[in-house]
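# Residue-level structural notes
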Amino acid sequence: MQSWNSMRAVTVKLGALFLLLLTEWMPAAAQNSPYSRYGLGDLTDGRNAINQAMGGVSQAYADGQSLNFNNPASYANLQLTTLDVGMNGSFSTLSDKGNNTFHSGSASLSYLQLGVPLKRGGGWGLNFGLVPVSKMDYNIRRHDTLTEIGTGVDKLYQGTGGLYQAFIGTGVRIKGIRLGINAGYLFGSLEHSEQFIYPNDTLHLYSSDMRQNTSFGSFFWSAGAQAHIKLASNLHLELGASGSSRQNLSARRSLLQETFFSSGDPSDPSPQNLDTVKYEGGEKGKIIYPQQLRFGILLHDNEHWMLGADYEMGQWDDYRFYKTTDSVQNNWKLRIGGQFIPNATASGKGYWSRVAYRAGIYTGSDYLLTPGGDLNVFAFTFGAGLPIRNFVPNARGQFTTLNLGFEVGKRGGDSNPLSERFFRINLGLDLSDIWFNKNKFR
């Protein structure tokens, strides 16, 4: 028992240290993803830390102590009230065809969700959640020469923003079939800016700044289904599918064009505004967020191991931003992964036998379309679920799991303008409890 307590304490300390390091590092993180300039930015993974470590396999996955918001049908298996918080850290190296490299990193909240079983022993569950869908963050600088007038110009392109989901979902089990739905609000904002600065100006040219800010939001829904098939006493097959229809987001955008005086340094924090050339505010429009479809299969023995595969696709050819298209295309991904627990009921000195070991891969085509063609993606994932049980004395019915996941991969190749090698750390803290138990006194 002493070994179990010591490992439990070490696990808690490691998780707390990791959260602290991410929190301290976040304000200083400098992310620069040039590809996020297009469409709605870089799409996030959209999975909890458990599924991320298994290559993203999630469509047929359902568990009584975790929340799989990627397929709401999984809520039907929820047996414990569960608070699940996810964070991630990302490190990337960008390379161009000239072998120039740039390093960037970021840390952010991956998801926040609270699940409540509505039926003792499972069969009906409810989930509340907040999940980022995309993130835009780029800072691109280039220098051109205007040969007609014999002067140079520094061009600075910047963008920030993202898309988010706030939702409530429910899932119900009817014999071997689970059905579920997520519904809520899909919202966000994007800001693009372009600055033209003349550092060695002898012609008294005015530097210019153009900023476009768009905010948008709309009700959304997604639905899912899962089926359980018992193949043998210790062999089970799970099937899953989920998707959402095309969403029309109501949007408003403003446009501001100004001239200003600058010392010639694009990073000058206090340029002097000279004149407002153009301002348009409150222009209404629509952003079309396309249909998403996902399918999955999972084999398991209900105790030690599971192995699954997912296939997903998005109809990004339908994407529109105020009736205009962008450099996007239909995308797809194939995911394969699994989990192994040596002995889930081990006690005493058997801590590492209770750990869930996970690994997987995924490959596919990104939704962005570059001048060099498809932006292909490949990554290897691995991780572990570290159990922490009854950490508080006399707190029977409380369960905590620290889920760690790692991703190593590449986006883009020699034919693309930029290729990206990335390393990501995913952390999920899963706090579960049995509510409404009556205390017994002697």
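Residue indices begin from 1 for each chain and proceed along its sequence in written order. Note on the predicted model: pLDDT of at least 70 is required for a residue's local features to be given, and 80 or more for side-chain atom pairs to be given and counted; whole-chain, interface and lining totals, by contrast, use all residues. Think of the side-chain values as coming from all heavy atoms in the structure, minus any hydrogens and water.

## Let's talk about the overall build of the protein
- Helix and strand labels come from DSSP, where a helix needs a run of H or I of at least four residues and a strand needs a run of E of at least two; each type is numbered from the N terminus. Tallying secondary structure elements over the protein gives three helices and 18 strands in all.
- By residue count, 49% of the 442 residues in the protein fall in the buried class.
- The contact criterion used is simple: two residues touch if any of their non-hydrogen atoms lie within 4.5 Å. Taking contacts inside the protein between residues at least 6 apart in sequence as the whole, the part at least 24 apart equals 67%. Between buried and exposed lies partly exposed: a residue is buried under 20% and exposed over 50% of the maximum accessible area for its type, with that area taken using a 1.4 Å probe on protein chains only.

## Structural notes on the side chain of glutamine 292
- Among the structural elements, glutamine 292 can be located in strand β11 (residues 292-300).
- Among the polar contacts listed, one links the side chain of glutamine 292 to the backbone oxygen of proline 290, at a separation of 3.3 Å.
- In this view, glutamine 292 contacts Ser242, Gly243, Ser244, Met313, Gly314 and Trp316; residues no more than four positions away in its chain are not counted. Contacts described as polar in this section are N or O atom pairs within 3.5 Å, which, within protein, must combine one atom able to donate a hydrogen with one able to accept it, while residues neighboring in sequence count only if both atoms come from side chains.

## Remarks on the side chain of serine 92
- Here serine 92 is to be found in strand β2 (residues 81-96).
- Here serine 92 falls in the buried class, since its relative accessible area comes to 9%.
- Leaving out residues up to four positions away in the same chain, serine 92 has contacts with Phe102, His103, Ser104, Glu420, Arg421 and Phe422.

## Section: the packing of aromatic side chains
- Two aromatic rings from Phe, Tyr or Trp, using only the six-membered ring of Trp, form a pair when their centres are within 6.5 Å; if the ring planes differ by under 30 degrees the pair is stacked, by over 60 it is edge-to-face, and anything between is tilted. Within the structure shown, the criterion is met by 13 aromatic pairs.
- Ring geometry for tyrosine 311 versus tryptophan 332: centroids 6.2 Å apart, planes at 20°, classification stacked. Residue tyrosine 311 is located in strand β12 (residues 305-314), and its partner tryptophan 332 is located in strand β14 (residues 331-340); the two are separated by 21 residues in the primary sequence.
- A relative accessible area of 35% places tyrosine 311 in the partly exposed class.

## What to know about unusual backbone geometry
- Non-glycine residue lysine 175 carries a positive phi angle of around 60°.
- For lysine 175, the location among the structural elements is in the loop between β5 (151-174) and β6 (177-197).
- Judged by relative accessible area, which is 80%, lysine 175 ranks as exposed.
- Located in the positive-phi region is tyrosine 322, a residue other than glycine, with phi close to 55°.
- Mapped onto the elements of the fold, tyrosine 322 is located in the loop between β13 (320-321) and β14.

## Remarks on the environment of glutamine 59
- Residue placement: glutamine 59 occurs in the loop between α2 (49-53) and β2.
- Expressed as a C-alpha distance, the spacing of glutamine 59 and arginine 294, which sit 235 residues apart in the sequence, is 7.0 Å.
- Sequence-distant contacts of glutamine 59, that is, excluding residues within four places in its chain, are made with Asn70, Asn71, Gln226, Gly240, Ala241, Ser242, Arg294, Phe295, Gly296 and Asp310.

## A look at the confidence of the model for the protein
- In the predicted model, the protein carries a mean pLDDT of 85, and the fraction of residues at 70 or more is 83%.
- pLDDT measures how confident the predictor is about each residue, on a scale from 0 to 100. Scored below 50 in pLDDT, residues 1-15 shows 22 contacts in the model against residues more than four places distant or in partner chains.
- Confidence drops under pLDDT 50 across residues 436-442; counting only partners more than four residues distant or on other chains, this segment forms one contact.

## Section: the pairing of strand β3 (residues 101-117)
- Sheet topology places β2 next to β3; 14 bridges connect them, and they run antiparallel. Residue pairing across strands places valine 85 opposite leucine 112, the latter belonging to β3.
- Whether two strands pair depends on DSSP finding at least two bridges between them. Note: β3 against strand β4 (residues 124-146), six bridges, orientation antiparallel. Looking across to β4, one finds that valine 116 is bridged to leucine 126.

## Description of the pattern of salt bridges
- Salt bridge criterion: a side-chain nitrogen from Lys or Arg within 4 Å of a carboxyl oxygen from Asp or Glu. Applying the stated rule across the entire model yields 13 salt bridges.
- A salt bridge links aspartate 42 to arginine 411, with the nearest nitrogen and oxygen atoms 3.4 Å apart. Of the two residues, aspartate 42 sits in strand β1 (residues 42-43) while arginine 411 sits in strand β17 (residues 398-411), which places them 369 residues apart along the sequence. Side by side, aspartate 42 and arginine 411 carry an identical accessibility label, which is buried.
- Here arginine 424 makes a salt bridge to glutamate 407, at a shortest N to O gap of 3.5 Å. With arginine 424 in strand β18 (residues 418-433) and glutamate 407 in strand β17, this residue pair connects regions lying 17 residues apart in the sequence.
- According to the relative accessible area criterion, glutamate 407 is buried, its value standing at 2%.
- Each of the salt bridges in this network shares a partner with another, and the network as a whole consists of Asp42, Asp366, Arg411 and Glu420.

## Observations regarding the nonpolar core
- We define a nonpolar core as any set of buried Ala, Val, Leu, Ile, Met, Phe, Trp, Tyr and Cys residues linked to one another through side-chain atoms lying within 4.5 Å. Membership of the largest hydrophobic core comes to 30 residues, with the highest contact counts inside it found for Leu40, Leu163, Ile287 and Tyr289.
- A total of four residues in this core trace back to one element, the largest contributor, which is β4.
- Non-local contacts of leucine 40, meaning those with residues more than four positions away in its chain, are made with Ser134, Lys135, Met136, Leu163, Leu190, Ile287, Tyr289, Trp316, Tyr319 and Tyr367.

## Some points on the pairing of β5
- Alignment of β4 against β5, held across 22 bridges, turns out to be antiparallel. Each residue of the ladder has a partner; that of isoleucine 140, found in β5, is tyrosine 157.
- Of the pairings in the sheet, the one linking β5 to β6 comprises 21 bridges and is antiparallel in character. Paired with tyrosine 157 across the two strands is glutamate 194, which belongs to β6.
- In this structure, the hairpin formed by β5 and β6 is closed by a connection of two residues, where lysine 175 is found at a positive phi of approximately 60°.

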